[in-house]
Amino acid sequence: MTSAPRIAIVGAGLVGGYLGGCLHGHARVTLVCRERVAAMLASTGIAVSGGAGPTRRIAPPELDIALDVSGAAQADLVLVTAKSTATASIARALESVLEPEAVVVSFQNGMRNAAWLRERLPRNAVLAGTVPFNVASPSPGMFRRGEFGELMVEDAPALAPFVPVFAAAGVALARRGDITAVQWAKLLVNLVNPVNALGDLPLRAQLADRTWRRCLALALREALAVYRAAGIRPARITPMPMRWLPIVLELPDALFARAAGTMLSMDPQARTSMSEDLRAGRRTEIDDLNGEVVALAASRGVRAPVNARLVELVHAAEQHARRYTGPELLGDLRGAGSAAIASSTSVPGSAR
Ligand SMILES: NC(=O)c1ccc[n+]([C@@H]2O[C@H](COP(=O)([O-])OP(=O)(O)OC[C@H]3O[C@@H](n4cnc5c(N)ncnc54)[C@H](OP(=O)(O)O)[C@@H]3O)[C@@H](O)[C@H]2O)c1
């Protein structure tokens, strides 16, 4: 590749808008997005902030925006940044568009996106990736990166030409030989999504409250027990080992703030993307997050009643916008856990 690579970002929303804003100028970026997003960006342009550098602004005329995946036809690299619920249809659409040399990276949560893309794009190098930080949009066209952490991508020779481009753009790629273990770890981090979405509160306020943290601890403890049953060892991607987290989450508020202050150092308005989806009346990724824990449990002949209940509640909230108080949700999840213990096939030690 002699000139700047062409990078298509398919499903440009929060993650895609942020990455597009960072990569613009370092690569020839095309944003493949919905009409409503295109109309917004055509009026606001993009501003990206957070991470190490100052706010970076790209004026509307500088943006290359496409309304369908034909915008990815010439791409050297395609970043898929839509929700997992859109991956299968994006994979189908890309099938007739991509050059065989194009490299595809899934920057999505969930365990199955890269496999869905590979199935439809057998000629392309398809790599799994993870975005460890949160991206918020405090105003139209503004994409603010929250917590720190590096993008992580499955290591492969095909990635090499793009590594310096991402580094120059301030979004360095950590090349991982253990991406599946990284994804299992990220799945644990994402278990906060339904708790946040059902509470409909900013995440920081929620994590400052022990009742909400106990809801998360129930889901996390159960998922860790399922992982043990399945022989899965998640990678270490957080400052604190995940196995300590349920205990730390259950500490009284003041002790929690001391033991895990970095968890409270996020943007006070930030919410999880599942919370944004429920608020906007969109389908959520719940089946690919807590649903994955439930499926894994089932594959090992055990149950994950707390995560199964969270899946049920989020699907119900997708239909009728029910929101919970902390005590309501905690009571409901404890009830689900106890009922499973009574029927005695849940993972030993998972429901407390
Ligand atoms: N947001 C975060 O802070 C964050 C952090 C880490 C990881 N993640 C993960 O990153 C992924 C992306 O999350 P996000 O929050 O950036 O999602 P998002 O804001 O919903 O952006 C995705 C965008 O892609 C659009 N889209 C879907 N199919 C498309 C298609 N065929 N063509 C063009 N546009 C299409 C969606 O439109 P519709 O809504 O109309 O479908 C939406 O505008 C998810 O897996 C999420 O879990 C998010």
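Residues numbered from 1 in each chain as written. Predicted model: local features only at pLDDT ≥ 70, side-chain atom pairs only at ≥ 80, totals over all residues. Heavy atoms only, no water.

Colleague: I would appreciate a short explanation of the domain arrangement of the protein in the present structure.
Modeller: It is common to give the size of an interface as the accessible area lost on bringing the parts into contact. Parsing the protein into structural domains produces domain 1 (6-177) and domain 2 (191-343). On the domain 2 side, the residues contacting the 13 residues of domain 1 number 15 residues. Interface area, domain 1 with domain 2, both sides summed: about 1300 Å², of which 49% is carbon and sulfur. Considering only the surface of domain 1 that becomes buried against domain 2, K83, T85 and R112 emerge as the three largest contributors, covering 37% of it. (Domains from an automatic or database assignment. Contact = heavy atoms within 4.5 Å. Buried area = accessible area lost by both parts, 1.4 Å probe.)

Colleague: Would you explain the sheet that holds strand β2 (residues 28-32) in this entry?
Modeller: Hydrogen bonding along the main chain pairs the strands of a sheet, whether they run parallel or antiparallel. In space, the eight strands of this open sheet follow the order β5-β2-β1-β6-β7-β8-β11-β12, with mixed pairing throughout. Across the chains shown, the open sheet's two edge strands, defined by having one partner strand only, are β5 (64-66) and β12 (173-176). Looking at each pair of strands side by side, their axes are set apart by 25° on average, direction ignored. Relative to strand β8 (residues 125-130), strand β7 (residues 103-107) runs parallel, the two being bridged by five bridges. Directly across from S106, in β8, lies its bridge partner A128. Lying on the sheet, helix α6 (residues 179-189) is in contact with β8, β11 (151-154) and β12; it crosses β8 at an angle near 40°. (Pairing = 2+ DSSP bridges. Helix = DSSP H or I, 4+ residues; strand = E, 2+ residues; numbered from the N terminus. Axes fitted to C-alpha atoms, helices over the stretch in contact; angles between N-to-C directions.)

Colleague: Any chance you could explain unusual backbone geometry here in plain terms?
Modeller: For residues other than glycine, phi is negative in most cases, and the peptide bonds are mostly trans. Phi is positive for D200, which is not a glycine, with a value near 50°. With respect to the helices and strands, D200 occurs in the loop between α7 (192-199) and α8 (203-207). For D200, a relative accessible area of 24% puts it in the partly exposed group. (Buried < 20%, exposed > 50% of the residue type's maximum accessible area, 1.4 Å probe, protein only.)

Colleague: Hey, could you run me through the site of the ligand in this one?
Modeller: If you check the shell around the ligand, you find 26 residues, and the closest are V15, T81, N109, V135 and E285. Separating an oxygen atom of the ligand from a backbone N or O atom of G11 is a distance of 3.4 Å. One of the side-chain nitrogen or oxygen atoms of N109 is found 2.8 Å away from an oxygen atom of the ligand. Elements that contribute at least two residues to the shell around the ligand include exactly α1 (14-23) and α2 (35-44). Among the residues forming the shell around the ligand, the class breakdown is 13 nonpolar, seven polar and six charged. Counting the residues that make up the shell around the ligand, at least three belong to each of domain 1 (6-177) and domain 2 (191-343). (Near = heavy atom within 4 Å. Polar contact = N/O pair within 3.5 Å; in protein donor to acceptor, adjacent residues only side chain to side chain. Nonpolar A, V, L, I, M, F, W, Y, C, P; charged D, E, K, R; others polar.)

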